[in-house]
Every structure is written in structure tokens, then in C-alpha cells.
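This is what each chain is made of:
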Amino acid sequence: MKREIMMRVHSARVYNGGTYGLLKLVPVEGILPGDIEPGQFVQVDVPDCKGAFLRRPISVNFVDYEANELWLLVRAAGKGTRSLIACVEGQQLSVILPLGRGFSMPEKGGRVLLVGGGVGVAPLLYFGKVLKDNGYVPEFALGARSAGDLLMLDEFEKYGPVHVATENGELGTKGFVTQLPAMAEDIAHIACCGPTPMMKAVAKIAKARGINCEVSLENAMACGLGACLCCVEDTDHGRVCVCTEGPVFNINQLKWEL
Amino acid sequence: MGTLSVNIGGLELQNPVLTASGTFGYGEEYEDLMNVNSLGGIIVKGTTLLPREGNPGPRMAETPAGMLNAVGLQNKGVDYFIDHIYPRIAEKFSTEIIVNVAGSTVADYEKVCEKLAPLPRIRAIEVNISCPNVKQGGMAFGTTTAGAAEVTRAVRKAWPKTVIMKLSPNVTSIVDIAKAVEAEGADCVSLINTLMGMAIDVERRRPYLSTITGGLSGPAVKPVAVRMVWQVAKAVGIPVIGLGGIASTRDALEFIMAGATAIQIGTANFIDPSISEKVAKGLAEYCAANGLKSITEIRGII
Ligand SMILES: Cc1cc2nc3c(=O)[nH]c(=O)nc-3n(C[C@H](O)[C@H](O)[C@H](O)COP(=O)(O)OP(=O)(O)OC[C@H]3O[C@@H](n4cnc5c(N)ncnc54)[C@H](O)[C@@H]3O)c2cc1C
Ligand SMILES: Cc1cc2nc3c(=O)[nH]c(=O)nc-3n(C[C@H](O)[C@H](O)[C@H](O)COP(=O)(O)O)c2cc1C
Ligand code: FES
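Residues numbered from 1 in each chain as written. Chains lettered and ligands numbered in written order. Predicted model: local features only at pLDDT ≥ 70, side-chain atom pairs only at ≥ 80, totals over all residues. Heavy atoms only, no water.

**Some thoughts on the interface of chain A and chain B**
Item 1. Facing the 25 residues of chain A at the interface are 30 residues of chain B.
Item 2. Across the interface of chain A and chain B, roughly 2300 Å² is buried in total on both sides, 60% from carbon and sulfur atoms.
Item 3. A salt bridge links R56(A) to E62(B), with the shortest nitrogen-to-oxygen separation between them at 2.7 Å.
Item 4. Along the contact surface separating chain A from chain B lie 10 residue pairs in polar contact (both at pLDDT 80 or more).
Item 5. Looking at the side of chain A that touches chain B residue by residue, the class counts come to 15 nonpolar, 2 polar and 8 charged. (Contact = heavy atoms within 4.5 Å. Buried area = accessible area lost by both parts, 1.4 Å probe. Salt bridge = Lys/Arg side-chain N within 4 Å of Asp/Glu carboxyl O. Polar contact = N/O pair within 3.5 Å; in protein donor to acceptor, adjacent residues only side chain to side chain. Nonpolar A, V, L, I, M, F, W, Y, C, P; charged D, E, K, R; others polar.)

Below, the structure written as C-alpha cells:
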């Protein structure tokens, strides 16, 4: 069930000189809804931001039910996200959650690879935890421009082996995630989130090798509730709202030319 | 009769707050977040004779205090509405359900009305002659007095219950259009639909919207809408429903003082999904605080 709740910034930290921020939010009253799934997103009303008129969609980065915390990992893409990153402890935000359809649980047995690029790694952290809790051994393939853009590696390591690639070669394999040795091995299932060109490159590999593959889309949104029809994507079952039918789609559903 | 009850051309509403077509889905999208039945009514997405895919993405761009949209009347068609959506929402909601009707030809409008007419819970239709996002029909009818009159005449024949004509602000004289639809038997007018606008992404050197131009809504359009409601309310005898940028009780009061009998809330639902319920409560509080027996006491006082 969707809810609008007031949340308080419990802790806020920035990465890479303010290019990214991690907000840990707790409900002002009561406990977090128990039905938040990995790959779902929230709609945040950005406080004190001139020009950010609409809410901003942000993925669920992590849910810590013990600490009653929702984590959001944010990249400064523009005015709204910059204001979010500038939030300080104690600040209150209105958040609508949980929204959309998240990642599906892979079939048991084969290797499960969670592939993230840039801030697209965000939803993979909670998915990794849920997979581990359910007896899977997820592996992470994370890519970024430079070492400073690779976020939360210590957190990812809690839930499975982490393979990294940087475009400038500062850390891990030099190049894109698709060039990681971990990508060349046998894979049964991929969950992917990142810039569209990267997701398309991953989808192309998955398609060629018959790997089951899900991607998380970031179409521009207004309501996030399925009411305005602004966020549509063409799929095998027509033009659908990414905010309700997605943001996670199986690549076979999409009309991407791969 | 409650303090807030109003009559929009034969249809009695428990309060003047409606939700604007295309911004509130079929009400179900918001039911977790608010009490839909606390409203005077909901106006569902533009409904056409045949299913419509709408425009390709991107369909949305944020602008100062507003947004542009280019949805283009995506809907599954009137038959799907009747068979699948209506039974569900008629069961769920006790508030008025108004269908926004759109078409590419006059015959389309007529046929949609004929199909909807037997549904007992649909007691009013809002006729969209003002959508800026479709190539044929839509706004084309709403921008000339002859076109607006022609659609009104046809709809009036096919629809025995309340007819609300939704007017476009993209005209030289909205008063002339309002008079033309009143003369053809419209029970009520609603205004404004979105204002034609455009925004360019200078980094990528291309428009944000796939259709280049789109419809502007939100607080940015409110002063234009208040002005038009005021002008039209003075010029016609039928009730006027005001909308455009309403995001608070004060905004709603502004439209009522300008002459609106009822109001609609659109884009503001995206930011605060329970804003419509809050405005209905706020209007009740305003009446109590100011000793009004009826909200109509302040209607058109300007
Ligand atoms: C489901 C979903 C999940 C997301 N998860 C995350 C997440 O976990 N972390 C995260 O950091 N981000 C996430 N995003 C992306 C995030 O929502 C955007 O970066 C944010 O909305 C940008 O807002 P802003 O105010 O910072 O940028 P703005 O100032 O609004 O714009 C930033 C840039 O985008 C361009 N732009 C603005 N409007 C449009 C438009 N209509 N079409 C194309 N370009 C446009 C501008 O020109 C500018 O260059 C997610 C998006 C979606 C849809
Ligand atoms: C995303 C979106 C979709 C819309 N779809 C319709 C529609 O299908 N039919 C219609 O008559 N108006 C439609 N409108 C216009 C609104 O009903 C309303 O007239 C306009 O947005 C001005 O009100 P607001 O500023 O409160 O949003 C749409 C507006 C938006 C933002
Ligand atoms: S953002 Fe409104 S329908 Fe998806």
C-alpha cells in the first residue's frame, strides 16, 4: 500500500566532494511500512528548493528495519537532487512510498549478477541483502567513471563478492562493467541499473547469451502514482507507465534495439 | 443542503472540490493516500471512442512553478472504460464520477456520449474541446465559436444529463466561446485547460517534449485562469467551474470569489496527493470561521 509519510534525516553524508549524498531517513512517527521491496522507489518532496516544483523519484537504496531507516543514495544531477544532498540532520521530508514494481526473485541455482553503473548502484544494495537473506549468493559488478564515483563498496561486500570497473582505471578493471571478467563467466540472472547506454550494453550481452535480465528505467515522472501517464515506455504489451508497471522491466518486454 | 453543497448545471455536489481530468487517473491511484469520497467528485481521464496510445515519450518537462505535458489523450477507449473501469470505480466510490469526453470528429463525441448515457453513476460529462496535445479535433473545436457550438449541439442531443464544456485558454476571446456553448445548451463550463507552451533543453539543443509543444499547468497559469473565470462568470448565466494552478484553500477561494461555482485541482495532486481533500476541509473551515451559511455567499463577489 502507498503511503505519504513525514521522515526525518537521521544522518546525511556526502561522497566525492558533494557529487553524491547518502540520506538515512526515519519516520517522524511510527515505523517504516513493512512492504518495501528492492527495486521500488519513493517520491520525495524536495524541501526549500526554488525551482524543484514536482517531487523527485529516488530508488530505495536500503531498508534497515531494525534501525527503522530508509536509505536514499542521490547524485547531484540538478537543483532538486543538489538540495536533497544538502539536507542536514533533523530536517523533515515528505516521502511517498513504496512505489512501482521492483526486481523479481531469480530462479534458484545459477549465478546471479547485480550490475550497477554510477548512482545506478543504489537499488542493488537492498536487493543484494534480500537475495542473501533468501539463500542466494549474489555477486555485484559495479562500474563508475573513477574510484570516487564507486559508492558504498563496503556495504555491498556484506552481501556478496564485489567486482569493480572504473573508466579511468583507478580501481579494479579499467573500462566498463561489461568488460569485467565476472561478466564473461556463466550467468543465469542479471539485475541492472545505471545510465541507459550501459543498461543497453548489458542487455545486449544478456540477450546474446540467453541470460534472464531485468533493468530499472528512469523515465521522467510527474506523479509517480500511475495517474498522469507522463512516464510511459513502449513494451510488448503497449505503452505503459514506468512508475507502476516498472521501473524494473525484463529486457524481453522492452522495445530496445539491441 | 450543506454549507459547501453547490449545483453545477443540474448536478448537486456535496462540496465544490473536483479533481481535474488527466491528473487523478480514475481515483484509484490515490485511494491509499486520501479519502476520495470526501470530494465533490472526480473527473476521469479523457475518454475517446477508440483506444489511443497517446504521444511517444518524453511527455513531461518541469517549468517554473508548473509543468508541460504532452500525454495526448492516452486511454483504452470508451468500451474498455464501460466494461472494466466503471464497474470497479462505481462500486468503490460514492462521490460523483464525471467522464471527460474527447474526440477527433463530432460523430466521435456523439458516439461516446451515447455509450456512456446508460451508466447510472455517470451523471455529468465534461467535454474536452481544448486538448492542445492531439493533432485532430481536441483544441481545434475549442478555438472557434463555430467549432465549439457544433460539438455542444451534438453532445446536447446525445447526452440527457449534465453537460460541462471544458474551454481552452488558447483563444483570443474565451468569453465568446463560453457564450457560444451556452447558446447551444451547455449546462456548465469549466476552464481552463492547459496553455500551449514549449521548453528547450539548451545542452542537448532540442525540445524536452517529443511533440515540441505541450500544455502548461500548475501555479504558473493561475492568474491567467482566475482572470478568465472572472470574465466568463460575468458574461454567462450558467455555472462556471474554475481550474488552473489551484494548490491551496486560498487558491480555491480566489476562483470562487472570481465567480466559480466549483473548482478542480490538477497538477497539485502530483505534489500533495491529499491536497483535494485538504482543500474541501479548508473551505468548510473558512465558512465556519467567517460565519457563512453557504459557500455561495462569496461566489462572484469581485
Ligand atoms: C524510478 C527512478 C528512480 C531513481 N532513482 C534515483 C536514485 O536512487 N538516485 C539518484 O540520484 N537519482 C535517481 N533517479 C533520477 C532522479 O530522479 C533525477 O536525477 C532527478 O529527478 C533530477 O532532478 P533535479 O532537480 O536534480 O534535476 P533537474 O534540475 O530537474 O534537471 C537535471 C538535468 O536533467 C535535465 N532535464 C530536466 N528535465 C528533463 C526532462 N523532462 N527530460 C530530459 N531531461 C531533463 C536538465 O536539463 C538537467 O540537465 C531516479 C529516477 C527514477 C525515475
Ligand atoms: C498530465 C496531464 C494530463 C491531462 N490530461 C487531460 C485530459 O485528458 N483531459 C482534459 O480535459 N484535461 C487534461 N489535462 C488538463 C487538466 O485537467 C487541467 O485543465 C490543467 O492541468 C490546469 O489545471 P492545473 O493547473 O490545476 O493542473 C491534463 C493535465 C495534465 C498536467
Ligand atoms: S509519473 Fe505519473 S503516471 Fe507515471
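**Comments concerning the site of ligand 1**
Item 1. Lining the immediate environment of ligand 1, one finds 26 residues, of which P57(A), L73(A), R75(A), G80(A) and T81(A) sit closest.
Item 2. Looking at the residues close to ligand 1, they fall on chains A and B.
Item 3. One of the backbone nitrogen or oxygen atoms of R75(A) is found 2.7 Å away from an oxygen atom of ligand 1.
Item 4. Between M60(B) and ligand 1, the recorded distance is 2.9 Å, taken from a backbone N or O atom to a nitrogen atom.
Item 5. Burial of ligand 1 by the protein chains amounts to 79% of its free accessible area of 1000 Å².
Item 6. Looking at the shell around ligand 1, the element that brings in the most residues is strand β4 (residues 56-59) of chain A, giving 4 residues.
Item 7. Grouping the amino acids of the shell around ligand 1 by side-chain chemistry returns 14 nonpolar, 5 polar and 7 charged. (Near = heavy atom within 4 Å. Areas by Shrake-Rupley, 256 points an atom, 1.4 Å probe, with all protein chains shown as cover. Helix = DSSP H or I, 4+ residues; strand = E, 2+ residues; numbered from the N terminus.)

**Some remarks on the site of ligand 2**
Residues and elements named next belong to chain B.
Item 1. Around ligand 2 there are 23 residues in total, and S21, K166, G218, G245 and T267 lie nearest to it.
Item 2. Here an oxygen atom of ligand 2 sits 3.0 Å away from a polar atom, N or O, in the main chain of I192.
Item 3. Measuring from an oxygen atom of ligand 2, one finds a backbone N or O atom of G218 at 2.8 Å.
Item 4. Mapping ligand 2 onto the cavity grids shows that it belongs to the largest cavity.
Item 5. Classifying every residue of the shell around ligand 2 by side-chain character gives 6 nonpolar, 15 polar and 2 charged. (1 Å grid on protein atoms, 1.4 Å probe; cavity = no way out; pocket = protein on both sides within 12 Å on 5 of 7 lines; lining within 4 Å. Sits in = over half its atoms within 2 Å of the grid points.)

**Examining the domain arrangement of chain A**
Residues and elements named next belong to chain A.
Item 1. Structurally, chain A comprises domain 1 (3-99) and domain 2 (112-216).
Item 2. Placing the centre of domain 1 and that of domain 2 at their C-alpha centroids yields a distance of 23 Å.
Item 3. Contact residues are listed per partner, giving 18 residues for domain 1 and 15 residues for domain 2.
Item 4. Between domain 1 and domain 2, a total of about 1500 Å² is buried, with carbon and sulfur atoms accounting for 70% of that surface.
Item 5. The three residues of domain 1 that bury the most area against domain 2 are P38, F62 and L73, which together make up 36% of that side's buried surface.
Item 6. Taken together, the connections running from domain 1 to domain 2 amount to 0 salt bridges.
Item 7. The tally of links from domain 1 across to domain 2 stands at 5 residue pairs in polar contact (both at pLDDT 80 or more).
Item 8. Among the elements of the structure, β2 (20-27), β5 (62-64) and β6 (69-75) are those that each provide at least two residues to the side of domain 1 that touches domain 2. (Domains from an automatic or database assignment.)

**Examining the sheet that holds β5(A)**
All names here are of chain A.
Item 1. Spatially, 7 strands are ordered β4-β3-β7-β1-β2-β6-β5 in an open sheet, and the strand pairing comes out antiparallel. Here the strands that pair on one side only, and so sit at the sheet edges, are β4 and β5. Taken over all neighbouring pairs, the strand axes of this sheet differ in orientation by 35° on average, direction set aside.
Item 2. Where strand β3 (residues 41-44) and β4 come together, 4 bridges link them in antiparallel fashion. Opposite V44, over in β4, you have R56 as the bridge partner. (Pairing = 2+ DSSP bridges. Axes fitted to C-alpha atoms, helices over the stretch in contact; angles between N-to-C directions.)

**Topic: the packing of helix α5 (residues 174-183) of chain B against helix α6 (residues 222-235) of chain B**
Residue and element names in this part refer to chain B.
Item 1. With their axes 9 Å apart at the nearest point, α5 and α6 run at an angle of 40° to one another. In this view, α5 runs oblique relative to α6, as classed from their interaxial angle. With respect to the hand of their crossing, α5 and α6 are arranged in right-handed fashion. Contact residues: I174, V175, A178 and K179 in α5; M228, Q231, V232 and A235 in α6. (Parallel < 35°, antiparallel > 145°, perpendicular 65-115°, else oblique. Left-handed = near helix turned anticlockwise from the far one by under 90°.)

**Concerning the sheet that holds strand β4 (residues 41-47) of chain B**
All names here are of chain B.
Item 1. In spatial order, the strands read β3-β4-β7-β8-β9-β10-β15-β16; together these 8 strands close into a barrel with parallel pairing. Going from strand to strand, the sheet's axes swing by 25° on average, the running direction of each strand aside.
Item 2. Relative to β4, strand β3 (residues 17-19) runs parallel, the two sharing 2 bridges. Within β4, the position partnered with T19 by the bridge is I42.
Item 3. Running at roughly 170° to β3, helix α9 (residues 275-289) makes contact with β3 and β16 (262-265) of the sheet.

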